[in-house]
Amino acid sequence: MAKLTIRTDDDPILGKVCKPIDKITPRILTLLDDMVETMRHASGVGLAGPQVGVLRRIVVVECEPGVVYELINPVITHREGTQIGREGCLSLPGQCGIVPRPMTVTLEATNRKGERFTVTGSGLLARAFCHELDHLDGVLYPAVAQRMMTPEEIEKLYAEENDDD
Ligand code: NI
């Protein structure tokens, strides 16, 4: 496995719409492995193709350690409820926003064996699914945020998190 470079900030690739994956090749399987490694190394809960310079509809999510979702050509088929919460992105370091998302989403995707499957997630998992799938359409969370947090708020947040240690 290899750690990939995460594209950040004004990198134009982050604003592009990704193409579907037609065929699951060994290259795609390696990409999934590398994306999981890269996400973990960066302490993220999700990562999408464009963030590692690949304009394909591919996402990995791991909100709970060891429970990895590998999503190829994912499509949200159902949304329910609303949650409003804090969100950040590995591609926008040092930023944080307040973002409304559905409380529960169901999506359909292809797994690494080429099988189509359905998964439903709530809370943080639903938020991660929505955030990562938005990346595939070139949408970063500030575009859908209620508001971005101020540097003072972010500083306070970091201080609180350090208190927990
Ligand atoms: Ni992101």
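To start, this report covers the structure provided alongside it. Since the model is a prediction, treat every value here as computed from it, not as a measurement. (Residues numbered from 1 in each chain as written. Predicted model: local features only at pLDDT ≥ 70, side-chain atom pairs only at ≥ 80, totals over all residues. Heavy atoms only, no water.)

A few points about the coordination of the nickel ion
For the nickel ion, the full set of protein donor atoms is Cys-89 (SG), His-131 (NE2) and His-135 (NE2), and the range of their distances to it is 2.1 to 2.2 Å. The exposure class of Cys-89 is buried, given its relative accessible area of 11%. (Donors = N, O, S within 2.8 Å, 3.2 Å for Na, K, Ca; no water. Buried < 20%, exposed > 50% of the residue type's maximum accessible area, 1.4 Å probe, protein only.)

So, the environment of Pro-100
Topologically, Pro-100 is positioned in strand β5 (residues 97–101). Since its relative accessible area comes to 31%, Pro-100 is described here as partly exposed. Ignoring any residue separated from it by four or fewer positions in sequence, one finds Pro-100 in contact with Gln-83, Ile-84, Val-144 and Gln-146. (Helix = DSSP H or I, 4+ residues; strand = E, 2+ residues; numbered from the N terminus. Contact = heavy atoms within 4.5 Å.)

Digging into the sheet that holds strand β6 (residues 104–110)
Read from one edge of the open sheet, five strands run β1-β2-β3-β6-β7, paired in antiparallel fashion. Here the strands that pair on one side only, and so sit at the sheet edges, are β1 (46–48) and β7 (116–122). Within the sheet, the average angular offset between the axes of one strand and its neighbour, ignoring direction, is 40°. Strands β1, β2 (58–64) and β3 (67–80) of the sheet are contacted by helix α1 (residues 26–41), whose axis makes an angle of about 40° with β2. Along the sheet, helix α2 (residues 124–136) contacts β1, β2, β3, β6 and β7; its crossing angle with β2, the most-contacted strand, is approximately 160°. (Pairing = 2+ DSSP bridges. Axes fitted to C-alpha atoms, helices over the stretch in contact; angles between N-to-C directions.)

Re the packing of aromatic side chains
Summed over the entire model, instances satisfying the criterion amount to one aromatic pair. Taking the centre distance of 5.5 Å and the plane angle of 80° together, the rings of Tyr-69 and Phe-129 count as edge-to-face. One end of the pair, Tyr-69, is in strand β3; the other, Phe-129, is in helix α2, with 60 residues separating them in the sequence. (Phe/Tyr/Trp six-rings, centres within 6.5 Å; stacked < 30°, edge-to-face > 60°.)

Topic: the side chain of Thr-38
Within the secondary structure, Thr-38 is located in helix α1. In terms of polar contacts, Thr-38 uses its side chain to reach the backbone amide nitrogen of Leu-4, at 2.9 Å. A polar contact is formed between the side chain of Thr-38 and the backbone oxygen of Asp-34, at a distance of 2.6 Å. (Polar contact = N/O pair within 3.5 Å; in protein donor to acceptor, adjacent residues only side chain to side chain.)

Brief notes about the pattern of salt bridges
Counted according to the given criterion, the structure contains eleven salt bridges. Between Asp-33 and Arg-112 there is a salt bridge; the shortest N-O distance is 2.8 Å. Of this pair, Asp-33 sits in helix α1 while Arg-112 sits in the loop between β6 and β7; the two residues are 79 residues apart in sequence, bridging distant segments of the chain. On the accessibility criterion, Arg-112 (30% relative accessible area) is partly exposed. (Salt bridge = Lys/Arg side-chain N within 4 Å of Asp/Glu carboxyl O.)

Here we look at α1
Over its 16 residues, α1 extends 23 Å from the first C-alpha to the last, a length consistent with the 22 Å expected when each residue adds 1.5 Å. Buried residues belonging to α1 abut β1, β2 and β3. Downstream of α1 by a residue or two, Ser-43 has a phi angle that is positive, lying close to 55°. (Expected span 1.5 Å × (residues − 1).)

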